[in-house]
Amino acid sequence: MYYGGPQPVCASVCQIHKYVLVGQMAVESRTQTLFTADSETRPASRDSDLPSSLHEFPEGGLAAWATAFGSFLVMFCGFGYTSSFGVYQDFYAQYYLTNETSFAISWIGSLNAFLATAVGLISGSLYDRGYFHHLVITGSLLQSLSLFMLSLAKPNQYYQILLAQGLGLGIAIGLLYVPSLAVVSHYFQRKRTLVMTFATLGSSLGAIVHPIMLNNLLNGRLGFANGVRVSAGLISVLLLIACLCMRTRLDPPTTPVNYIAAARKCIGNVPFIFAIAGGFLFQTGFYYPLFFLQLDSIQHGINVTFSFYSLVILNASSSVGRVMSGYIAAFTGVPNLTIIAAISCGLLIVGTIGLSSLASVVILGVLYGYFSGVYTAMLGPLMATLTPDPSELGGWMGISFFIGGFGSLIGTPISGALLTSNYIWWKPALFSGIVSLAGAVMYIFMHIFFIRRQMEGKDSK
């Protein structure tokens, strides 16, 4: 990642791994074919004096802003949709998969969320080798196909839904995520943080729009099949526009990151090991409110119409937390802010045990949304802080997010199993809260060893 100082960041930007460095790597290679703004190409020899304009990024222009807009649309359709799974969790549990337990239903969303991150290791590697358009076109077609296949799934046909929504949709989002964000770095350097913040806010907007739309479609006159088809149609049109908008400008780097070599170095870095452990434990409990808050509200007798907007409240507050986190980190420091956000989220998850009224839903939704937004926004800068060699940042990030993704894979199914068909809410809330707080403890140890390493480095000098 490119986070080098106190600047506004947001969550999704933090997860693009090494690929924000692609622009610099391509420009620094003088033997590559360099592209000018008018799409003409000319080879640069080692001995030639390159004009300064070739070393600079456009920082704007039609192609640049069209690419940024395309990235925004991909985020809207991708993680914005994944963050709306709580709507499906509620609908499946009450109407469509009534023969299945909350444990089984949770696997659909958790598999989707895991693959959306884990497949980034593969798509990122292919992106480095110049397969940008292959990835975005394949991912877009697969996402559209998966949603239309989901609309054909029959009631109580669990594996049809798991394959379409969990597996197919998860892989599709994973193929799209990294390349669509990384390509923005081809056009922007000075404005990169600002533009990527704009692009990744698409996921925040999607997490607000999709729950409203899905709740009204699935629970309205259209029903599940036609409602999902309407949603799939919208996603398909937006992804088509995104594919037409996004363009590459620079050649791929000549030496992609070697994840095996990076993993060997990670093992000997104690603060990084604690950070990985903290991320895994925290993400085990992190998705519990996102998947279960709406169902929890309805089961406690809170107005159904209002309960439909509980996820909207949470996701809107998360957007505020993401944007503000960069400014707050300038005063607190990235590790300290990560610890504060992790502890706050853990305590608030435990606090969902007391959810019983409309006011409690609003308070918990706003507070948890805010601190979860701060936490996710700090993941990228935290990895950048812990990585000794910036050139290896992509590999370290990829490893960290891949391992942390397993927490999101197993967390909500465990919560669903603890919930049982009798809806015993205190058990999954307590489990998710405690495991998240355990992750916060790991972050505290990370900070202690990181400070010790810094002090030893100063003493050696």
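Data block above holds the structure.
One structure accompanies this document, and this report is about it. Residue numbers here run from 1 along each chain, matching the order of that chain's written sequence. Selection of residues for local features in this predicted model requires a pLDDT of at least 70, selection of side-chain atom pairs for listing and counting requires 80 or more, and totals for whole chains, interfaces and linings are taken over all residues. Calculation of side-chain values draws on the structure's entire complement of heavy atoms; hydrogens and water are dropped beforehand.

### Describing the nonpolar core
Line of reasoning, step 1. Definition of nonpolar core: a set of buried residues of the types Ala, Val, Leu, Ile, Met, Phe, Trp, Tyr and Cys, connected through side-chain atoms within 4.5 Å. Exposure is judged per residue with a 1.4 Å probe applied to protein chains only, and the accessible area is read against the type maximum: over 50% gives exposed, under 20% gives buried, and values in between give partly exposed. Residues Tyr88, Tyr92, Leu150 and Phe224 are the most contacted members of the largest nonpolar core, which totals 108 residues.
Line of reasoning, step 2. Counting six residues, the second largest nonpolar core, distinct from the first, contains Ala64, Ala68, Val184 and Phe188.

### Section: the packing of aromatic side chains
Line of reasoning, step 1. Two aromatic rings, drawn from Phe, Tyr or Trp (for Trp, its six-membered ring), form a pair once their centres lie within 6.5 Å of each other, and the interplanar angle then sorts them: stacked below 30 degrees, edge-to-face above 60, tilted otherwise. Scanning all chains against the criterion turns up 30 aromatic pairs.
Line of reasoning, step 2. An angle of 55° between the planes, with centres 6.1 Å apart, marks the rings of tyrosine 92 and phenylalanine 224 as tilted. Highlighted residues: tyrosine 92 in helix 4 (residues 85-96) and phenylalanine 224 in helix 10 (residues 223-245), separated in sequence by 132 residues. One exposure class covers both tyrosine 92 and phenylalanine 224, and it is buried.
Line of reasoning, step 3. When the ring of phenylalanine 114 is compared with that of phenylalanine 402, the centres are 6.3 Å apart and the planes differ by 45°; the resulting orientation is tilted. Of this pair, phenylalanine 114 sits in helix 5 (residues 102-118) while phenylalanine 402 sits in helix 18 (residues 393-419), and the two are 288 residues apart along the sequence.
Line of reasoning, step 4. For phenylalanine 114, a relative accessible area of 9% translates into the label buried.
Line of reasoning, step 5. By the criterion adopted, a ring carries a charge over it if an Arg CZ or a Lys NZ lies within 6 Å of its centre and within 35 degrees of its normal. Positioned above the aromatic ring of phenylalanine 449, the side-chain terminus of arginine 452 is 5.1 Å from the ring centre. Numbering of helices and strands runs from the N terminus; a helix is a DSSP stretch of H or I covering at least four residues, while a strand is a stretch of E covering at least two.

### Quick word on the packing of helix 6 (residues 120-128) against helix 8 (residues 158-182)
Line of reasoning, step 1. To get an axis, a line is fitted to the C-alpha atoms, and for a helix only the part in contact is used. The angle between two axes follows their N-to-C directions and goes from 0 to 180 degrees. Running from N to C, helix 6 and helix 8 point in directions that differ by 45°, and their axes come no closer than 8 Å. The angle between helix 6 and helix 8 falls in the class oblique. Handedness of the helix 6/helix 8 crossing: right-handed. Packed against helix 6, whose contacting residues are Gly120, Ser123, Gly124 and Tyr127, the element helix 8 presents Gly174, Leu175, Val178, Pro179 and Ala182 at the interface.
Line of reasoning, step 2. Each residue is assigned to one class: nonpolar for Ala, Val, Leu, Ile, Met, Phe, Trp, Tyr, Cys and Pro, charged for Asp, Glu, Lys and Arg, and polar for all the others, Gly among them. For the contact of helix 6 with helix 8, the per-class residue count stands at five nonpolar, four polar and no charged. Relative orientations are named as follows: roughly parallel for angles under 35 degrees, roughly antiparallel for angles over 145 degrees, roughly perpendicular for angles from 65 to 115 degrees, and oblique for any other angle. Should the near helix be turned counterclockwise from the far one by less than a right angle, the crossing is left-handed, whereas a clockwise turn marks it as right-handed. Note on contacts: a residue pair is in contact if any heavy atoms of the two residues lie within 4.5 Å.

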